[in-house]
Amino acid sequence: MNCILIDDESPALKLLEDNVRQIPYLNVVASIRGPMQLFDLIKAQQIDLLFLDIQMPGINGLELLRSLKQPPMVIMVTAYPEHALDGFNLDVVDYLVKPVPFSRFFKAVEKARELYQVRQVKPKPAQPENDHVFVNANYSLVKVRMQDITFIEGLKDYVRINIQDGKQVITRMGLKGVEEKLSSGRFMRIHKSYIISLEKIESIQKTQVIIAGTEIPIGEGYRHALQAYVNGKNL
């Protein structure tokens, strides 16, 4: 992490430098005694962490922090404990009161490192769900639209995919293999031998679901998941 150290007192700045240089994942970009130099440094390159004193001539550390539009992570290092609340209101990572034992200093830096690592993880863009699946049937790949499926039945040697208008597609894929191809959130397994389209449910009874006029049993081990779905949709 690129860091800048700011303290107007030379001994305190030297001690801060010594502590920082003991931590291999910190790179000191600059060690300065005046806050005004910070603005040019931040514009020149990426700064990840700022070690900042409060009482300095001219603008103090808190005022400096408030003036930054997009401040880096900040660890306050000061002799004035009474400003701790102001610091945390400005979302500083930690607030250290001089003299600072190295163990306490290292703990603060580790907090900053954890936050830095979290920020580096960029969320993967959501992948659009497929609106269809291909299944092996009659020695060819047959395209089946998700929205057309009413329910799927696993039989001894094959799987029967029931489609609207009473049509069926027979495949020798296992029921688990078909289940893995389906869009999550649109289908639910409610029995060891049945997967249903949640959109196509007409009614739910104690031991069965009705879809397209067909009674489909609810397995005991799947009852709670179906009930949770119903509770989430119930008005």
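The coordinates are above.
Residues numbered from 1 in each chain as written. Predicted model: local features only at pLDDT ≥ 70, side-chain atom pairs only at ≥ 80, totals over all residues. Heavy atoms only, no water.

1. A few points about the nonpolar core
- Counting 22 residues, the largest nonpolar core has Leu 26, Leu 49, Phe 51, Ile 75 and Phe 105 as the members making the most contacts within it.
- Those elements giving two or more residues to this core turn out to be β1 (2-6), α1 (10-21), β3 (49-52), β4 (73-78) and α5 (102-120).
- Among the elements that make up this core, the one with the highest residue count is α5 (four residues).
- Other than its neighbours up to four places away in sequence, Ile 75 contacts Leu 49, Leu 50, Phe 51, Leu 52, Val 93, Asp 94, Leu 96, Ala 108, Val 109 and Ala 112.
- One finds Ile 47, Leu 64, Leu 68 and Ala 84 within the second-largest nonpolar core, a separate group that totals 21 residues. (Core = buried A, V, L, I, M, F, W, Y, C linked by side-chain atoms within 4.5 Å. Buried < 20%, exposed > 50% of the residue type's maximum accessible area, 1.4 Å probe, protein only. Helix = DSSP H or I, 4+ residues; strand = E, 2+ residues; numbered from the N terminus. Contact = heavy atoms within 4.5 Å.)

2. Things to note about the pattern of salt bridges
- This model, assessed by the stated rule, comprises 13 salt bridges.
- Across the pair Glu 110 and Arg 113 runs a salt bridge whose closest N-O atoms are separated by 3.6 Å. Placement of both Glu 110 and Arg 113 in helix α5 is noted, with a separation of three residues, approximately one turn of the helix.
- Accessibility expressed as a relative area gives 22% for Glu 110, which makes it partly exposed.
- Here Glu 199 makes a salt bridge to Lys 200, at a shortest N to O gap of 3.9 Å.
- Salt bridges here are not isolated pairs; linked through shared partners, they connect Asp 7, Asp 53 and Lys 98. (Salt bridge = Lys/Arg side-chain N within 4 Å of Asp/Glu carboxyl O.)

3. Thoughts on the sheet that holds strand β14 (residues 208-211)
- Across the sheet, which stays open at both edges, the three strands sit in the order β13-β14-β15 with antiparallel pairing between neighbours. Two strands in the sheet have a free side with no partner beyond their single neighbour: β13 (201-204) and β15 (214-217). Strand-to-strand twist in this sheet, taken as the mean axis angle between neighbours without regard to direction, amounts to 30°.
- Relative to β14, β13 runs antiparallel, the two being bridged by three bridges. Pairing of Ile 204 across the sheet is with Val 209, part of β14. (Pairing = 2+ DSSP bridges. Axes fitted to C-alpha atoms, helices over the stretch in contact; angles between N-to-C directions.)

4. Some remarks on the sheet that holds strand β2 (residues 27-32)
- Strand order in this open sheet of five strands is β2-β1-β3-β4-β5, and the pairing throughout is parallel. Among the strands making up the open sheet, the edge pair consists of β2 and β5 (94-97). Here the strands of the sheet are splayed against their neighbours by 15° on average, with no regard to which way each runs.
- Relative to β4, β3 runs parallel, the two being bridged by four bridges. Bridged to Leu 52 within β4 is Met 76.
- Where α1 meets the sheet, its contacts fall on β1, β2, β3 and β4, and the angle it forms with β1 comes to roughly 160°.

5. Overview of unusual backbone geometry
- That bond from Lys 98 to Pro 99 is cis: its omega, -5°, falls within 30 degrees of zero.
- Topologically, Pro 99 is positioned in the loop between β5 and α5.
- Backbone geometry places Asn 138, a non-glycine residue, at a positive phi of 55°.
- Using a relative accessible area of 72% as the deciding quantity, one classes Asn 138 as exposed.
- Of note in this structure, Asp 165 is not a glycine but carries a positive phi near 70°.
- For Asp 165, the position within the fold is in the loop between β9 (159-163) and β10 (168-171).

6. Quick notes on the layout of surface pockets
- In this structure, the largest pocket spans a volume of roughly 160 Å³.
- Lining the largest pocket, in full, are Asn 136, Ala 137, Asn 138, Tyr 139, Ile 170, Thr 171 and Arg 172.
- The set of elements that each furnish at least two residues to the lining of the largest pocket consists of β6 (132-137) and β10. (1 Å grid on protein atoms, 1.4 Å probe; cavity = no way out; pocket = protein on both sides within 12 Å on 5 of 7 lines; lining within 4 Å. Points joined across faces, edges and corners; volume = space filled by probe spheres on them.)

7. Comments concerning the pairing of strand β7 (residues 140-145)
- Sheet topology note: the β6/β7 ladder contains six bridges and is antiparallel. What sits directly across from Ala 137, in β7, is Ser 140.
- In sequence, β6 turns back onto β7 through a hairpin of two residues, with Asn 138 there showing a positive phi of about 55°.

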